[in-house]
Amino acid sequence: MGSGLKRLSIFMMIIVTVTIVPGLSSFSWAVEISNDWGGHIKVQGSFVDDDDRSLIAVFGEEHRWDGQADFRLKDRLAMGMADVEIHYNASYVTGDTYSGVRNLINALPFFPSSWVQGFAISDRRRLFDLTSTVHEDNHDLLQHRLDRLCVSLKQPFYELKLGRQAVTWGNGLVFNPMDLINPFSPTDTVRDYKTGDDLIFLAIEPGSDWNIQMTVVPRRDEITGDVEKDRSSLAVKLHAMAGPWETDVVAARHVDETLLGIGFSRNVGEALFRSDVLYSTLNHGSGDEKGYISLIANLDRSWEAFGKNMYGLLEYHHNGLGHHDVDHAVTDPDLLQRIAHGEMYVFGRNYLGTMIRVELHPLVQFTIGMIESLDTFSGIVQPRVHIDMTQNSNLQIGYNAYVGARGTEFGGIDIPGTDLTLSQGNSAYLILGYYF
């Protein structure tokens, strides 16, 4: 796994020995055991209105009907100082978009299917393969997997979690460059669960106003299947209060990047201001390195107007690895690799994200979100309505409208050497969810 991973693993083993073993002498075997289980069932239908020059439309249909279903069964077993968490997840995808992407991958095997959201999940890069394909053909896909499988050991001043889990760092609400492990896409409107990863997580809290978190994420090379240092991640975060500022300092070796970051947040009047700045050094071998900066700054607040509860968000994002000209972005191997791995989702440099949510009724919320590329003046508008039908069920109806001229990031990126574009088309969707 590499010397860095080995040193940190040994360090964590020492901490476990020092902190856990003494606690076992006072551990009572007559612990209270509790079991908390639940889950959800979701079904989604959508219609995509693409154009005839879209790459997916060429290999499929211009106007596409799609369907998805998602089942999650989760359980947390608490046993005194230890917890065991497990999530079983089964997903089904069908429709014209799936068929088009399948045809595209058959013709171009290196096309990253992760560019099409909801297409498939793979554990090829993870330490353990806990995903299985039940059925797969050119029309539909049925997969099931363990999305969480971890053991947590807790003491008053630390927590150690081993196994498949989700860790979220950073202050971003639309974009989140400091969230190193499976960040959400900025266009995701449903963010119930992040995809779990196999990792070691340790949180130490010596005092009430500061703590340290550490993660080790071993990953495999997609071609050889071996765990490799330059595919894995080591990260440490210090969280502390500095007067009115809530501050994070992050140092990490993530895949082939060395990362240093700082984040902070504080109240500004009735709003909350947050910001993250992350510096990365890319290693190209033979000592050639180039650095880039990614940052976010956002402001959000809640208020009441016209007798309605309202919420607003404004966020700026700078992606130092992106390009002002998307024609250059689609030939940048560093950027394309991170997009293919789901670490980045945008090609450009500067973005503005906004959102307004209005509570029309205690059970009905209307939200409109917008993301605009300040480099190409293209963007996406996402209006949606969320309805709580019962205590355990809800309905979301939404629309994704891509705005911009051809050759821009959201208007359709030109594919070099062809008359085609990389785009997904405007789409309307309906999601029905039941929770138990």
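From a predicted model like this one, the values you see are computed outputs, not experimental measurements.

Cut-off values and rules
- Residues numbered from 1 in each chain as written.
- Predicted model: local features only at pLDDT ≥ 70, side-chain atom pairs only at ≥ 80, totals over all residues.
- Heavy atoms only, no water.
- Helix = DSSP H or I, 4+ residues; strand = E, 2+ residues; numbered from the N terminus.
- Buried < 20%, exposed > 50% of the residue type's maximum accessible area, 1.4 Å probe, protein only.
- Contact = heavy atoms within 4.5 Å.
- Areas by Shrake-Rupley, 256 points an atom, 1.4 Å probe, with all protein chains shown as cover.
- Phe/Tyr/Trp six-rings, centres within 6.5 Å; stacked < 30°, edge-to-face > 60°.
- Core = buried A, V, L, I, M, F, W, Y, C linked by side-chain atoms within 4.5 Å.
- 1 Å grid on protein atoms, 1.4 Å probe; cavity = no way out; pocket = protein on both sides within 12 Å on 5 of 7 lines; lining within 4 Å.
- Points joined across faces, edges and corners; volume = space filled by probe spheres on them.
- Arc of directions from axis to C-beta.
- Polar contact = N/O pair within 3.5 Å; in protein donor to acceptor, adjacent residues only side chain to side chain.
- Pairing = 2+ DSSP bridges.
- Salt bridge = Lys/Arg side-chain N within 4 Å of Asp/Glu carboxyl O.

Enquirer: Tell me about the overall build of the protein, and name the residues and values.
Expert: Per the secondary structure count, the protein includes five helices and 21 strands. Burial statistics for the protein: of 436 residues in total, 44% are counted as buried. Partitioning the contacts of the protein with sequence separation of at least 6, the portion at a separation of at least 24 is 55%. Summed over its atoms, the accessible surface of the protein is roughly 21,300 Å², and 60% of this surface lies on carbon and sulfur atoms.

Enquirer: Go over the packing of aromatic side chains, please, and point to the residues and values.
Expert: Applying the stated criterion across every chain yields a total of nine aromatic pairs. With centroids separated by 4.7 Å and ring planes inclined at 45 degrees, the aromatic side chains of phenylalanine 47 and tryptophan 65 adopt a geometry described as tilted. Linking phenylalanine 47 in strand 1 (residues 33-49) with tryptophan 65 in strand 2 (residues 63-79), this pair joins segments that are 18 residues apart in sequence. Each ring, one from phenylalanine 71 and one from tyrosine 88, has its centre 6.4 Å from the other, and the planes form 65 degrees; the classification is edge-to-face. Of the two residues, phenylalanine 71 sits in strand 2 while tyrosine 88 sits in strand 3 (residues 82-95), which places them 17 residues apart along the sequence. An aromatic cluster is present here, built from Trp37, Phe71, Tyr88, Tyr434 and Phe436 joined pairwise through their rings.

Enquirer: Summarise the nonpolar core; cite the residues concerned and give the values.
Expert: Residues Leu180 and Leu199 are the most contacted members of the largest nonpolar core, which totals 14 residues. Within the residue set of this core, elements represented by two or more residues are strand 7 (197-207) and strand 10 (245-254). At three residues, strand 7 tops the list of elements feeding residues into this core. In terms of nonpolar packing, the next biggest core, distinct from the first, is built from twelve residues, Val330, Leu335, Ile413 and Leu422 among them.

Enquirer: Residue-level account of unusual backbone geometry, with values.
Expert: Leave glycine aside and you will find that most residues have negative phi; peptide bonds, for their part, are mostly trans. Positive phi, normally seen in glycine, also occurs at valine 255, with a value near 55 degrees. Along the chain, the position of valine 255 falls in the loop between strand 10 and strand 11 (257-268). Accessibility expressed as a relative area gives 4% for valine 255, which makes it buried. For phenylalanine 377, which is not a glycine, the phi torsion comes out positive at approximately 55 degrees. You can see phenylalanine 377 is positioned in the loop between strand 16 (364-373) and strand 17 (378-390). Taking the relative accessible area as the measure of exposure, phenylalanine 377 reaches 62% and is therefore exposed.

Enquirer: Could you give an account of empty space enclosed by the protein, with specific residues and numbers?
Expert: Evaluation of the coordinates by the stated rule reveals two cavities of 30 Å³ or more. Taken as a whole, the largest cavity encloses approximately 330 Å³ of empty space. Lining the largest cavity are 22 residues, with Asn176, Pro177, Pro183, Glu343 and Met344 sitting closest to its centre. Every element with two or more residues in the lining of the largest cavity is listed here: strand 11, strand 13 (289-305) and strand 14 (308-319).

Enquirer: Go over the side chain of arginine 126 with me, naming the residues and quoting the values.
Expert: By secondary structure assignment, the location of arginine 126 is in the loop between helix 3 (96-107) and strand 4 (131-136). Apart from residues no more than four positions distant in its own chain, arginine 126 is found in contact with Ile121, Arg145, Arg164, Asn182, Thr195, Gly196, Asp197, Asp198 and Arg220.

Enquirer: Quick rundown of the layout of surface pockets? Include the residues and the values.
Expert: Counted as a void, the second largest pocket has a volume near 720 Å³. For the second largest pocket, the lining is made up of 37 residues, of which Asp188, Thr189, Val190, Arg191 and Arg384 are closest to its centre. Secondary structure elements with two or more residues in the lining of the second largest pocket: strand 14, strand 15 (350-361), strand 16, strand 17, strand 18 (393-403) and strand 21 (426-435). In terms of residue count, the dominant contributor to the lining of the second largest pocket is strand 16 (five residues).

Enquirer: Would you mind going over helix 5 (residues 333-340) in detail, with residue names and values included?
Expert: Those residues of helix 5 lying buried are Asp334, Leu335, Arg338 and Ile339. Seen from one end, helix 5 has its buried residues packed into an arc of 130 degrees, which puts them on one side. Sitting at the head of helix 5, aspartate 332 places a side-chain oxygen 3.0 Å from the backbone nitrogen of aspartate 334. Of the residues trailing helix 5, glycine 342 is marked for its positive phi of about 75 degrees.

Enquirer: So what about the pairing of strand 17? Which residues, and what values?
Expert: Taken together, the ten bridges between strand 16 and strand 17 define a ladder with antiparallel strand orientation. Residue pairing across strands places valine 364 opposite isoleucine 387, the latter belonging to strand 17. Between the end of strand 16 and the start of strand 17, which pair antiparallel, lie four residues, with phenylalanine 377 showing a positive phi angle near 55 degrees. Pairing of strand 17 with strand 18 involves nine bridges; the strand directions are antiparallel. Across the sheet, valine 385 pairs through a bridge with isoleucine 397, a residue of strand 18. In sequence, strand 17 turns back onto strand 18 through a hairpin of two residues.

Enquirer: So what's going on with the pairing of strand 5 (residues 140-155)? Residues and values would help.
Expert: Relative to strand 5, strand 3 runs antiparallel, the two sharing 13 bridges. Counterpart to alanine 82 in the pairing with strand 5 is leucine 153. Alignment of strand 4 against strand 5, held across five bridges, turns out to be antiparallel. From the neighbouring strand, serine 132 faces strand 5, where its bridge partner is histidine 144. Remark: three residues form the turn of the hairpin made by strand 4 and strand 5, two consecutive strands paired antiparallel.

Enquirer: Account for the pattern of salt bridges, with residues named and values stated.
Expert: Scanning the model with the defined rule gives 25 salt bridges in all. Here glutamate 270 makes a salt bridge to arginine 301, at a shortest N to O gap of 2.8 Å. Taken together, the residues span a long stretch of sequence, with glutamate 270 in the loop between strand 11 and strand 12 (271-283) and arginine 301 in strand 13 at a distance of 31 residues.

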